[in-house]
Amino acid sequence: MAYFEHEGCALHYEEYGQGDPLVLLHGLGSSCQDWELQVPVLSRHYRVILMDIRGHGRSDKPRDGYHIATFSADLLALLEHLHTGPVHFVGLSMGGMVGFQFAVDHPQWLRSLCIVNSAPEVKRRTRSDWLWWLKRWGLARLLSVETVGKGLAERLFPKPHQAALRQKMAQRWARNDKRAYLKSFDAIVDWGVQERIGRIHCPSLVIAADHDYTPIQLKQRYVALMPNARLVVIDDSRHATPLDQPEVFNQTLLQFLAAASTSQGSLSPC
C-alpha cells in the first residue's frame, strides 16, 4: 500500500505495469478495488495508476474538503508526486466528474480523456431534478450504508448469474464511512463545468451504458460540445459498466487509447 499527503490528507494509491501513465478513478462510494477487472489487462500495456478519492477506500476521511475541485487538486498532487507528466485518464461516474474538472483546469496534464457513465454537470433545474435529489438525499441519510449498498447492488447487478458479484459489491459498499459518503454526495449536487468543456481538445471518449441512470441523449448533447470527442454505447450494461461488461469495456478502452496514441504521435500535452 502506498500513500502520499496533500494538504493534510493522506491519500492511498496503487501502481501496476509499465508504459504510458493511465489513471483510473472510481465513483461515489467506491475505491481502487472496483477496477479489479481492468488492472490485469491494462497493466500489460500501460503504467496503471489508481487513487482512492478522499473519503473513500483507504484514503483519509477528513471532516472537510469534499468538493469536485478538491478531488481534482488531489489528483494533480498525486501526478506531481509520481512525476508522471501528461496521462491518459479514465473516470467512472463521480470519477468522470473529477475528470471533466481536471480537463478544464489542467489540460496540459492530459493525453486523452475517457468518461464512463458520467456528466459535466449535476444541476437542479427542473422539478424532476429536485425530486431525484430529494429522494437520494433522504434515503442516503435515513438508511444505513449496509442497506444502501445492498439496494445499489441489487439495482446494478440484477441478473441471476450476477449473484456472486452482487453480494461482493454489497459487502464492499457497506464498508463506506457514512459521513464521508454524504459529504461526497453533496459535492456532486449543483457542481458543473459544462460551459467550459468546449475547451477540451485532447482525444476524448464517452462510454455510456444502455441502461445507465441518465439517458444516452444527455450524453450525446454534451459530447457534441467537445471538439474531439465521440460516444460509444455498451449494450446490456448498467451504471457499473467496468464490472458488468468488463471484456467489452476493456476492449473499447484499449482501442481508444491506441487510436489516441496514433493521432497524437508523441502525445504532446493537449
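Note on numbering: residues in each chain are counted from 1, in written sequence order. A pLDDT threshold of at least 70 governs which residues receive local features in this predicted model, and a stricter bar of 80 or more applies before side-chain atom pairs are shown or counted, although totals over entire chains, interfaces and linings include all residues. Excluded from the side-chain calculation are hydrogens and water; included are all heavy atoms of the structure.

As annotated in an unreviewed UniProt entry, the protein carries the name Alpha/beta hydrolase and comes from Pseudomonas fortuita.

K.L.:
Would you mind going over the overall build of the protein with me for this structure?
P.N.:
Secondary structure elements follow DSSP: runs of H or I no shorter than four residues count as helices, runs of E no shorter than two count as strands, and numbering proceeds from the N terminus. The helix and strand tally for the protein stands at ten helices and eight strands. Here the globule rule is a power law, 2.2 Å times the number of residues to the power 0.38, and the radius of gyration is based on C-alpha atoms. For the protein, the C-alpha radius of gyration of 17 Å lies close to 18 Å, the compact-globule estimate for 270 residues. Taken along its principal axes, the extent of the C-alpha atoms in the protein is 50 × 40 × 40 Å. Counting over 270 residues, the protein shows a buried share of 55%. Any two residues having at least one pair of non-hydrogen atoms within 4.5 Å are treated as being in contact. A separation threshold of at least 6 residues defines the contact pool for the protein, and within that pool the share at least 24 residues apart is 76%. Residue-level accessible areas treat just the shown protein chains as cover; the underlying method is Shrake-Rupley with a 1.4 Å probe. With the model as given, the accessible surface of the protein reaches about 12000 Å², and the carbon-plus-sulfur share is 52%. Each charge class in the protein was averaged separately, 30 positive and 27 negative side chains, and the resulting centres sit 5 Å apart. With a 1.4 Å probe rolled over the protein chains alone, any residue whose accessible area is under 20% of its type maximum counts as buried; one over 50% counts as exposed, and the rest are partly exposed. For the charge count, each Lys or Arg is scored as positive and each Asp or Glu as negative, with His and the chain ends excluded. Positions of charges follow a simple convention, taking NZ of Lys, CZ of Arg, CG of Asp or CD of Glu.

K.L.:
Help me understand the layout of surface pockets in this model?
P.N.:
The gaps of empty space that remain are located by a probe, the size of a water molecule, rolled over the atoms. A cavity here means a set of 1 Å grid points, computed over protein atoms only, where a 1.4 Å probe fits but cannot escape. A pocket is an open set with protein on both sides within 12 Å along at least 5 of 7 lines, and lining residues have an atom within 4 Å of a point. Grid points are joined across faces, edges and corners, and a volume is the space filled by probe spheres set on the points. Approximately 260 Å³ is the volume attributed to the second largest pocket. Taken together, 19 residues line the second largest pocket, and the ones lying closest to its centre are Ser-31, Gln-33, Gly-57, Arg-58 and Arg-175. Grouping the amino acids of the lining of the second largest pocket by side-chain chemistry returns two nonpolar, nine polar and eight charged. All residues other than Ala, Val, Leu, Ile, Met, Phe, Trp, Tyr, Cys, Pro, Asp, Glu, Lys and Arg, Gly among them, are scored as polar; the first ten of these are nonpolar and the last four charged.

K.L.:
Sorry if this is basic, but what is going on with the packing of helix 4 (residues 127–142) against helix 7 (residues 178–188) here?
P.N.:
A pair of packed helices is captured by two measures, namely the crossing angle of their axes and the spacing between those axes. To obtain an axis, a line is fitted to C-alpha atoms, over the contacting stretch when the element is a helix, and the angle between two such axes runs from 0 to 180 degrees between their N-to-C directions. Where helix 4 meets helix 7, the axes come as close as 10 Å, and the angle between the chain directions of the two elements is 170°. Taken together, the axis directions place helix 4 and helix 7 in an arrangement best described as roughly antiparallel. Here Trp-132, Trp-133, Arg-136, Trp-137, Ala-140, Arg-141 and Leu-142 of helix 4 lie close against helix 7, whose contacting residues are Lys-178, Tyr-181, Leu-182, Phe-185 and Asp-186. Here the residues of the contact of helix 4 with helix 7 are counted per class, giving eight nonpolar, no polar and four charged. Roughly parallel covers angles under 35 degrees, roughly antiparallel covers those over 145, roughly perpendicular covers 65 to 115, and oblique covers all other angles.

K.L.:
I keep staring at unusual backbone geometry and nothing clicks. Help me out?
P.N.:
Keep in mind that most residues, glycine aside, have a negative phi and that most peptide bonds are trans. Located in the positive-phi region is Asn-117, a residue other than glycine, with phi close to 50°. By secondary structure assignment, the location of Asn-117 is in the loop between strand 6 (110–116) and helix 4.

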